[in-house]
Amino acid sequence: KFVDIPVVCAGRMEPDVAAEAIAAGKIDGMGVARQFLADPEWITKLIEERIEDIRPCICCHSGCFNFSSSKGHYNTQDLKDTMGLARCAINAETMQSKKHYIAPAKKAKKIAIIGGGIGGMEAALVCAKRGHKVTLYEKSNQLGGVFIAAAAPSFKEKDRDLIAWYRRELTKYPSIEVKLNCEVKNIEDCKADEIIIATGARANRIPVPGVEKTIQAVDYLMGKQEVGENVTIIGGGLTGCEIAYELFLQGKHPTIVEMQDDLITTPGICLANTSFLRDFFEANKVPVHLETGVRAIEDDGVTVKGKDGVEFKIASDNVILSVGYKPMPLAHNEKDKHIHVIGDANKVGNLRTVIWGAWDVAMKL
């Protein structure tokens, strides 16, 4: 009402919200950018009312705006990677058409994929599109892997949409057979021309007294154990910080303990996301202890040692452990050229490395 020029609103707006605002005369248009990177057919699918077919942008910025920042360093990752803006973590083809593309396989093969996480599902889709017959084995009763836990916080609705999108996409290809509640213990049991191992990673533990009293981050996110009012999170990486953020939103009192000199120091996590978390904790006076090591975990708290060498205790009802992961590939003959390890089972990374890595392998089969 204050200007006589068109007003366009951008950001995380949904089409139905935009339509309502435009109809009410509040804005003149909806600006869209990232969603086109995630799914270039976004408009077509909207027009055809195929909403569920839209690959949702999860606002991770890992491909489209992948500047990292920690301890005052504006960019903590390789400049060659940073220069590749406007790519997409969840759509490997976006702005990478010469590297990632679907080409019919020279020979149709039987491919077994062990692990139904994001990497396994992405590999299955690429292989099916190329003409292969795929059997996807998942030991649990649902597809999604550790990303189910990652998508658990209340503010991760787009992540949950992405998991649902993958599950639906797999059903569109008759050449993909999904076997749930089917754990593969011996690779030789898979009668296939090529085998892709996508079994993910396992959570680390720290060698300190009382570590058995802690709750693993994944277990907390999956709702396997409730926590009290005062919660200490050991590990200030992205997962630990997101847990602390979620706990604060619930009205609880989180405390973060991190050995590094800053929170979320891993390259490849966009500063727009990490800066928000750092600023949020500072603005809301959430205790953050950097360059601090854990000495012992007791029933009523955590004894830590600060960078000044002084030990002190943090009173806690519960302690959540979020100190990273180690690859957990199924045992195999590493010299066997027909066996391929992808995702966190190969090297622990993020959603982008998992999806792009799946393409790198699936395109060669």
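Structure first, text after, so check above.
Presented here is an overview of the structure given in this document.

Rules of the game
- Residues numbered from 1 in each chain as written.
- Predicted model: local features only at pLDDT ≥ 70, side-chain atom pairs only at ≥ 80, totals over all residues.
- Heavy atoms only, no water.
- Helix = DSSP H or I, 4+ residues; strand = E, 2+ residues; numbered from the N terminus.
- Buried < 20%, exposed > 50% of the residue type's maximum accessible area, 1.4 Å probe, protein only.
- Contact = heavy atoms within 4.5 Å.
- Areas by Shrake-Rupley, 256 points an atom, 1.4 Å probe, with all protein chains shown as cover.
- Pairing = 2+ DSSP bridges.
- Salt bridge = Lys/Arg side-chain N within 4 Å of Asp/Glu carboxyl O.
- Axes fitted to C-alpha atoms, helices over the stretch in contact; angles between N-to-C directions.
- Parallel < 35°, antiparallel > 145°, perpendicular 65-115°, else oblique.
- Left-handed = near helix turned anticlockwise from the far one by under 90°.
- Nonpolar A, V, L, I, M, F, W, Y, C, P; charged D, E, K, R; others polar.

Looking at the overall build of the protein chain
- When its secondary structure is counted, the protein chain shows 11 helices and 17 strands.
- Its C-alpha atoms put the protein chain at 70 × 65 × 40 Å along the principal axes.
- Looking at the 365 residues of the protein chain, the share that counts as buried comes to 48%.
- Put simply, 63% of the contacts in the protein chain that link residues at least 6 apart link residues at least 24 apart.
- For the protein chain, the computed accessible surface area is about 19200 Å², with 53% contributed by carbon and sulfur atoms.

Quick look at the sheet that holds strand 10 (residues 253–257)
- One open sheet accounts for 5 strands, arranged 8-15-9-10-11; its pairing is parallel. A strand with exactly one partner marks an edge of an open sheet, and here the two such strands are strand 8 (215–216) and strand 11 (288–289).

What about unusual backbone geometry?
- With a phi angle near 60°, Cys59 is a residue other than glycine that sits in the positive phi range.
- Checked against the element boundaries, Cys59 lands in the loop between helix 3 (42–47) and helix 4 (79–82).
- Take Cys59: its relative accessible area is 13%, and that puts it in the buried class.

Here we look at the pattern of salt bridges
- Applying the stated rule across the entire model yields 20 salt bridges.
- A salt bridge links Lys156 to Asp159; the shortest N-O distance between them is 3.8 Å. Across the pair, Asp159 and Lys156 agree in class, each one buried.
- Here the salt bridges do not stand alone but share partners, grouping Glu48, Arg50, Asp53, Glu169 and Lys172 into one network.

A few points about the packing of helix 9 (residues 238–249) against helix 10 (residues 271–283)
- Where helix 9 meets helix 10, the axes come as close as 11 Å, and the angle between the chain directions of the two elements is 45°. With respect to each other, helix 9 and helix 10 are oriented oblique. Like other packed secondary-structure pairs, helix 9 and helix 10 cross with a definite hand, here left-handed. Contacts from Leu238, Cys241, Glu242, Ala244, Tyr245 and Phe248 of helix 9 reach helix 10 at Phe276, Leu277, Phe280 and Phe281.
- Residues that form the contact of helix 9 with helix 10 fall into these classes: 9 nonpolar, no polar and 1 charged.

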